[in-house]
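Residues per chain are reported as follows:
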Amino acid sequence: MSVMVARKKVVRKWEKLPGRNTFCCDGRIMMARQKGIFYLTLFLILGTCALFFAFECRYLAVQLSPAIPVFAAVLFLFAMATLLRTSFSDPGVIPRALPDEAAFIEMEIEATNGTVPQGQRPPPRIKNFQINNQIVKLKYCYTCKIFRPPRASHCSICDNCVERFDHHCPWVGNCVGKRNYRYFYLFILSLSLLTIYIFTFNIVYVALKSLKIGFLNTLKETPGTYPSMSLTVLTVLEVLICFFTLWSVVGLTGFHTFLVALNQTTNEDIKGSWTGKNRVQNPYSHGNIVKNCCEVLCGPLPPSVLDRRGILQQEESTAQEGSCARGPGMQEPSATQGPGQAQEGHSALSPQVPVPSVSDTEMPEEKQRTPGELPVPSPDVGRAEH
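Keep in mind it's a predicted model, so treat the numbers as computed, not measured. (Residues numbered from 1 in each chain as written. Predicted model: local features only at pLDDT ≥ 70, side-chain atom pairs only at ≥ 80, totals over all residues. Heavy atoms only, no water.)

(A) Geometry of the overall build of the chain. Along the backbone of the chain there are 10 helices and 12 strands. Within the chain, buried positions represent 34% of all 386 residues. Long-range pairs, those at least 24 residues apart, make up 65% of the contacts in the chain between residues at least 6 apart in sequence. Looking at the chain as shown, the accessible area adds up to about 24900 Å², and 61% of this sits on carbon and sulfur atoms. (Helix = DSSP H or I, 4+ residues; strand = E, 2+ residues; numbered from the N terminus. Buried < 20%, exposed > 50% of the residue type's maximum accessible area, 1.4 Å probe, protein only. Contact = heavy atoms within 4.5 Å. Areas by Shrake-Rupley, 256 points an atom, 1.4 Å probe, with all protein chains shown as cover.)

Okay, structure coming up:
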């Protein structure tokens, strides 16, 4: 006998979110799918700092000051913390419209634009919005089926609309938007300081060694654990990594410092939104560098609107085989029973259909008998025996 049992399976919202993102730790970590360059970033930072702490820091702490490795460790930990915070957080993804909301927006657009004759291009889907006496256009996203908020843009790599979209950074493996821009800026700033710090003290290390034992002897010096590799070779490797990192990271930090001072995003700067031919003023700038920096770096951080760990309940029906205990009056249905009789027997065993009890008073008159009276056999029984 089969019984249908309905089970409720708990599904988190992050499992059903559209877009090209990956989630870890039950939706707590959100990243882009392309994470190869992010792993390269971790390798370069961890490798360079490991070499510096393993070799140069021990010598410099004895010869100069024990504060050198302490300050380097502080910079390293701060850079790693801001990197992971930038990479693992929601940059400000805007949820896509639900089917009912998308249908309502389509009706609004049709009512505003009217019927477009066949063969003609429909007008652009744009809404005008006023900010600080400045007209800002809200563009319609055909993927997310929404009118994007001001300064938002659709990332083609993550396939999401991001609020105050700055750019997609493969080095951190995530988009940079309203909710993680300050951590991205602090990451590149601390990484610049860490790179300059290691680069400087690597040169100091080689200079101190050369003053004591000479430059050529310094090049030939080898540590006990690595007899085939010179200490200076490792130092030169660190210097080369830091030198090429300086050109990109320090330059990037300077560029974003300029953007923070103007309260502007990389996307707006590339498109020339406020410095184009129209010479439109930036409506988001306060006209003061300090106020702009405070708003971007110290302003309130909005919560995520995705609700990634919210619960969705989905019912799943599964059939399970179960055995039903038979009483003494129950018998197996005979093989000679017809289809109708088998169906009646099955309905009698079903718990949903109660079987009414028939008392003696409800029997026909010819079948009723008084208490103590023996049942009289039917004449048909005698005929059947003959």
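Moving on, there is more to tell.
(B) Summary view of helix 1 (residues 36–63). For helix 1, spanning 28 residues, the distance from its first C-alpha to its last is 40 Å, which sits close to the expected 40 Å at 1.5 Å a residue. For helix 1, the complete set of buried residues consists of Phe-38, Thr-41, Leu-42, Ile-45, Thr-48, Cys-49, Phe-52, Phe-55, Glu-56, Cys-57, Tyr-59 and Leu-60. (Expected span 1.5 Å × (residues − 1).)

(C) Structural detail: the sheet that holds strand 6 (residues 134–141). Pairing within the open sheet is antiparallel, and its three strands lie in the order 5-6-7. This sheet does not close on itself; its edge strands, each paired only once, are strand 5 (126–131) and strand 7 (146–147). Bridge count for strand 5 against strand 6 is six bridges, and the pairing is antiparallel. Counterpart to Ile-126 in the pairing with strand 6 is Lys-139. (Pairing = 2+ DSSP bridges.)

(D) Just the packing of aromatic side chains, in detail. Summed over the entire model, instances satisfying the criterion amount to 13 aromatic pairs. Seen from their ring centres, Phe-53 and Phe-76 are 6.4 Å apart, and the 75 degrees between their planes marks the pair as edge-to-face. One end of the pair, Phe-53, is in helix 1; the other, Phe-76, is in helix 2 (residues 67–88), with 23 residues separating them in the sequence. In this structure Phe-53 comes out as partly exposed when scored by relative accessible area, which is 29%. A residue is classified by how much of its surface remains accessible, and Phe-76, at 16% relative accessible area, is buried. Note on Tyr-59 and Tyr-205: the rings are 5.4 Å apart at their centroids and 90 degrees apart in plane angle, and the pair reads as edge-to-face. (Phe/Tyr/Trp six-rings, centres within 6.5 Å; stacked < 30°, edge-to-face > 60°.)

(E) Representation of the UniProt feature "transmembrane region" (unreviewed entry) in the chain in the model. The UniProt record annotates "transmembrane region" (unreviewed entry) at residues 37–55, 67–84, 183–208 and 228–250. Helix makes up 100% of residues 37–55 and strand makes up 0%, while its end C-alpha atoms are separated by 27 Å. Taken end to end, residues 183–208 is 100% helix and 0% strand, and its first and last C-alpha atoms sit 37 Å apart. (UniProt positions renumbered as here; feature names shortened; annotations may be inferred.)

(F) A look at the side chain of Arg-308. Structurally, Arg-308 is set in the loop between helix 8 (289–298) and strand 12 (311–321). Buried and unpaired, Arg-308 has no salt bridge, with Asp-90 as the nearest side chain of opposite charge at 4.2 Å. Within polar-contact distance, the side chain of Arg-308 engages the backbone oxygen of Gly-27 at 2.8 Å. (Lys, Arg positive; Asp, Glu negative; His and termini not counted. Salt bridge = Lys/Arg side-chain N within 4 Å of Asp/Glu carboxyl O. Polar contact = N/O pair within 3.5 Å; in protein donor to acceptor, adjacent residues only side chain to side chain.)

(G) Here's a closer look at helix 2. Across its 22 residues, helix 2 extends 32 Å between first and last C-alpha, which sits within 8% of the 32 Å expected from 1.5 Å per residue. Turning to helix 2, its buried residues are Ile-68, Pro-69, Ala-72, Leu-75, Phe-76, Ala-79, Met-80, Thr-82, Leu-83, Thr-86 and Ser-87.

(H) The arrangement of the environment of Arg-85 in detail. Here Arg-85 lies in helix 2. Its relative accessible area of 30% is what places Arg-85 among the partly exposed residues. Measuring from C-alpha to C-alpha, the distance between Arg-85 and Val-172 comes to 9.7 Å, with 87 residues separating the pair along the chain. For Arg-85, the residues in contact, after removing those within four places along its chain, are Tyr-183 and Leu-301.

(I) Representation of the pattern of salt bridges. Overall, the coordinates contain seven salt bridges when judged by the stated rule. Arg-12 serves as the salt-bridge partner of Asp-26, at 3.6 Å between the closest nitrogen and oxygen. Of this pair, Asp-26 sits in the loop between strand 2 (21–24) and strand 3 (29–32) while Arg-12 is found in strand 1 (residues 2–12), placing the two residues 14 residues apart along the sequence. For Asp-26, a relative accessible area of 31% puts it in the partly exposed group. Here Glu-108 and Lys-127 are joined by a salt bridge, their closest N and O atoms 4.0 Å apart. On the criterion of sequence distance, the pair formed by Glu-108 in helix 3 (residues 99–113) and Lys-127 in strand 5 is long-range, its members being 19 residues apart. Judged by relative accessible area, Lys-127 falls into the partly exposed class, the value being 37%. Here the residues in one salt-bridge network are Arg-20, Arg-96 and Asp-159, joined through shared partners.

(J) Molecular detail of the environment of Pro-18. Within the secondary structure layout, Pro-18 lies in the loop between strand 1 and strand 2. Residue classification places Pro-18 among the partly exposed positions, given a relative accessible area of 41%. Along the sequence, Pro-18 and Asp-159 sit 141 residues apart, while their C-alpha atoms lie 8.2 Å from each other. The contact partners of Pro-18, leaving out residues within four places of it in the chain, are Arg-96 and Asn-160.

(K) Broad picture of unusual backbone geometry. Of note, the phi angle at Lys-145 is positive, near 60 degrees, even though the residue is not glycine. Along the polypeptide, Lys-145 turns up in the loop between strand 6 and strand 7. Owing to a relative accessible area of 33%, Lys-145 belongs among the partly exposed residues under this scheme. Of note in this structure, Arg-151 is not a glycine but carries a positive phi near 75 degrees. One can find Arg-151 in the loop between strand 7 and strand 8 (153–155). For Arg-151, a relative accessible area of 15% translates into the label buried.

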